[in-house]
Amino acid sequence: MTSRKSEAPAETLAAYRRKRDFTKTAEPSGAGKAGGRDRAAGGQPSFVVQIHDATTTHFDFRLEADGVLKSWAVPKGPSRDPQEKRLAMPTEDHPLSYRTFEGVIGEGGYGAGTVIVWDEGTYRNETTGRDGSELPMAEALRRGHASFWMDGSKLHGGYALTRIREGRDEAWVLVKRKDKHADAAHGSPDPARARSALTGRTLRQVAREGKQTS
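Chemist: Tell me about the packing of aromatic side chains, and please be specific about residues and values.
Modeler: Enumeration over the complete set of coordinates arrives at eight aromatic pairs. Measuring from ring centre to ring centre gives 5.7 Å for Phe59 and Trp118, while their planes differ by 85°; the resulting arrangement is edge-to-face. You can see Phe59 sitting in strand β2 (residues 57-65) and its partner Trp118 sitting in strand β6 (residues 113-125), a full 59 residues away along the chain. The two residues Phe59 and Trp118 agree in class, both being buried. Each ring, one from Trp72 and one from Trp172, has its centre 5.8 Å from the other, and the planes form 70°; the classification is edge-to-face. Separated by 100 residues along the polypeptide, Trp72 in strand β3 (residues 68-74) and Trp172 in strand β9 (residues 171-176) bring together distant segments of the chain. For the pair Trp72 and Trp172, a shared accessibility class is recorded, and that class is buried.

Chemist: Give me the lowdown on the nonpolar core, citing residues and values where you can.
Modeler: Ranked by size, the top nonpolar core spans 29 residues in total, and within it Phe61, Leu63, Trp72, Phe148 and Leu161 carry the most contacts. Apart from residues no more than four positions distant in its own chain, Trp72 is found in contact with Phe59, Asp60, Phe61, Leu63, Ala88, Met89, Pro90, Thr91, Leu141, Leu161 and Trp172. Ranked by size, the runner-up nonpolar core spans nine residues in total, among them Val48, Leu96, Val115 and Val117.

Basis of the calculations
Residues numbered from 1 in each chain as written. Predicted model: local features only at pLDDT ≥ 70, side-chain atom pairs only at ≥ 80, totals over all residues. Heavy atoms only, no water. Phe/Tyr/Trp six-rings, centres within 6.5 Å; stacked < 30°, edge-to-face > 60°. Helix = DSSP H or I, 4+ residues; strand = E, 2+ residues; numbered from the N terminus. Buried < 20%, exposed > 50% of the residue type's maximum accessible area, 1.4 Å probe, protein only. Core = buried A, V, L, I, M, F, W, Y, C linked by side-chain atoms within 4.5 Å. Contact = heavy atoms within 4.5 Å.

If you want it as structure tokens, here you go:
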């Protein structure tokens with residue numbers, strides 16, 4: 001049995017909390033226990049890919065590491081084609097409880113727009129150091145390269161994140177590795193037609209329901 005995890009220390013999520021007014025957004029603050037879900041059997045860390053219909057529609061790619069979701073905005077979304085390199089722009093760490101967040105962030109709020117969970121699941125870290133031993137994910141990301149195996153509802157197989165630019169304009173690329181799950185016929189997912197891995201809803205349906213309850 002796995003134990004329930006606490007959220008990361010407050011300072012780790014300071015940037016996330018500073019940008020949001022939790023009296024006006026339904027997004028989780030990250031206080032207390034982790035989002036109502038424990039790790040899956042085997043203790044594998046989690047990932048989530050959310051579609052965010054904000055000023056521009058994009059995908060948010062998040063990997064669990066060091067008690068938070070390390071996060072990147074991926075404009076075109078993850079690809080199953082190893083020939084396609086996806087630009088990934090780092091954003092602030094998110095609380096683990098953000099894994100299940102779907103809804104509408106109201107006008108005037110940071111990141112105003114509709115969010116759905118496009119995919120979610122667990123991943124296996126495959127990053128190794130020079131001596132061949134496993135390199136912890138958080139350390140791999142600090143060094144600028146991470147390899148991992150994804151077991152989601154839609155994404156499967158090996159992927160890699162590599163930092164290509166540091167500093168204020170830090171940027172990464174997300175690439176599918178060549179394996180049995182690679183598929184050149186399936187590149188960019190269509191956000192308008194995509195459905196939530198949790199509820200089966202589209203962005204339009206979630207937005208409509210948000211207006212009805214506001």
